Amino acid sequence: MAKQKAAPEAKKQNVEATEPTMTLNLFVGNLNFSKSAPELKMGISDVFAKNDLAVVDVRIGVCQKFGYLDFESAEDLEKALELTGLKVFGNEIKQEKTKEEDSKK
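Residues numbered from 1 in each chain as written. Predicted model: local features only at pLDDT ≥ 70, side-chain atom pairs only at ≥ 80, totals over all residues. Heavy atoms only, no water.

*Asks:* Describe the overall build of the protein, listing the residues and the values that go with them.
*Replies:* For the protein, the helix and strand inventory stands at 2 helices and 6 strands. Within the protein, residue pairs in contact and separated by at least 24 positions form 65% of the contacts whose partners lie at least 6 positions apart. Carbon together with sulfur atoms contributes 50% to the accessible area of the protein, which is approximately 8400 Å² in total. (Helix = DSSP H or I, 4+ residues; strand = E, 2+ residues; numbered from the N terminus. Contact = heavy atoms within 4.5 Å. Areas by Shrake-Rupley, 256 points an atom, 1.4 Å probe, with all protein chains shown as cover.)

*Asks:* Break down the environment of leucine 83 for me, with residues and values.
*Replies:* By the element assignment, leucine 83 lies in the loop between helix 2 (74-82) and strand 4 (87-88). Taking the C-alpha atoms as reference points, leucine 83 and asparagine 51, separated by 32 residues in sequence, lie 8.8 Å from one another. When neighbours within four sequence positions are excluded, leucine 83 is seen to be in contact with Phe48, Asn51, Leu53 and Gln95.

*Asks:* Tell me about the packing of aromatic side chains, residues and numbers included.
*Replies:* Applying the stated criterion across every chain yields a total of 4 aromatic pairs. With a centroid separation of 6.0 Å and 25 degrees between ring planes, the pair formed by phenylalanine 27 and phenylalanine 66 is classed as stacked. Here phenylalanine 27, found in strand 1 (residues 25-29), pairs with phenylalanine 66, found in strand 3 (residues 66-71); they are 39 residues apart in sequence, far enough to count as distant. A residue is classified by how much of its surface remains accessible, and phenylalanine 27, at 23% relative accessible area, is partly exposed. Where phenylalanine 48 meets phenylalanine 71, the ring centres are 5.9 Å apart and the plane angle is 75 degrees; that geometry is what we call edge-to-face. (Phe/Tyr/Trp six-rings, centres within 6.5 Å; stacked < 30°, edge-to-face > 60°. Buried < 20%, exposed > 50% of the residue type's maximum accessible area, 1.4 Å probe, protein only.)

*Asks:* Now, about the nonpolar core: what can you tell me, with residues and values included?
*Replies:* If you look at the biggest cluster of nonpolar residues, it comprises 17 residues, and the most contacted ones within it are Leu26, Ile44, Phe48, Leu69 and Phe71. Counting residues per element, the ones that place at least two in this core are strand 1, helix 1 (37-50), strand 2 (55-60), strand 3 and helix 2. In terms of residue count, helix 1 provides more of this core than any other element does, 4 residues in total. Apart from residues lying up to four places away in sequence, phenylalanine 71 is in contact with Leu24, Leu26, Phe48, Leu53, Ala54, Val55, Val56, Asp76, Leu77 and Ala80. (Core = buried A, V, L, I, M, F, W, Y, C linked by side-chain atoms within 4.5 Å.)

*Asks:* Can you explain the sheet that holds strand 6 (residues 94-97)? Please cite residues and give values.
*Replies:* Spatially, 2-3-1-6 is the arrangement adopted by the 4 strands of the open sheet, whose pairing is antiparallel. Strands at the two margins of the open sheet, each flanked by one partner only, are strand 2 and strand 6. In this sheet, adjacent strand axes meet at a mean angle of 25 degrees when their direction is disregarded. Judged from the 5 bridges that link them, strand 2 and strand 3 form a sheet pairing that is antiparallel. Each residue of the ladder has a partner; that of aspartate 57, found in strand 3, is aspartate 70. Relative to the sheet, helix 1 contacts strand 1, strand 2, strand 3 and strand 6, its axis offset from that of strand 2 by approximately 145 degrees. Packing of helix 2 onto the sheet brings it into contact with strand 1, strand 3 and strand 6, and relative to strand 6 it is tilted by some 140 degrees. (Pairing = 2+ DSSP bridges. Axes fitted to C-alpha atoms, helices over the stretch in contact; angles between N-to-C directions.)

*Asks:* Report on helix 2, specifying residues and quantitative values.
*Replies:* Regarding helix 2, the residues found buried are Asp76, Leu77 and Ala80. Burial along helix 2 is one-sided: seen end-on, the buried residues are contained in an arc of 100 degrees. In helix 2, the exposed positions that point more than 90 degrees away from the buried face belong to Glu75 and Glu82. Lining the buried residues of helix 2 we find strand 1, helix 1, strand 3 and strand 6. (Arc of directions from axis to C-beta.)

Dropping the structure here:
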């Protein structure tokens, strides 16, 4: 009879308690869908840069009528929400703070 090796002991993962991170995302709607995604990204970034706001990333929806912006800080996000009447390629964009996901545990 062959000797069976004992199963290796499972390593314990070092999990640090972390505070929930604040979402620094902004939903933008009413984008000009006749423009390409790269054009929209550049246009959106330029509009917010003119207002001294640092946009980290721009994600455009498949239909190109909406997108999501990531900001470096909560202050930049709040300033962006206060801006009204911003136009990107002739369309006045709509801005809303994204909802945090309660389902994450």
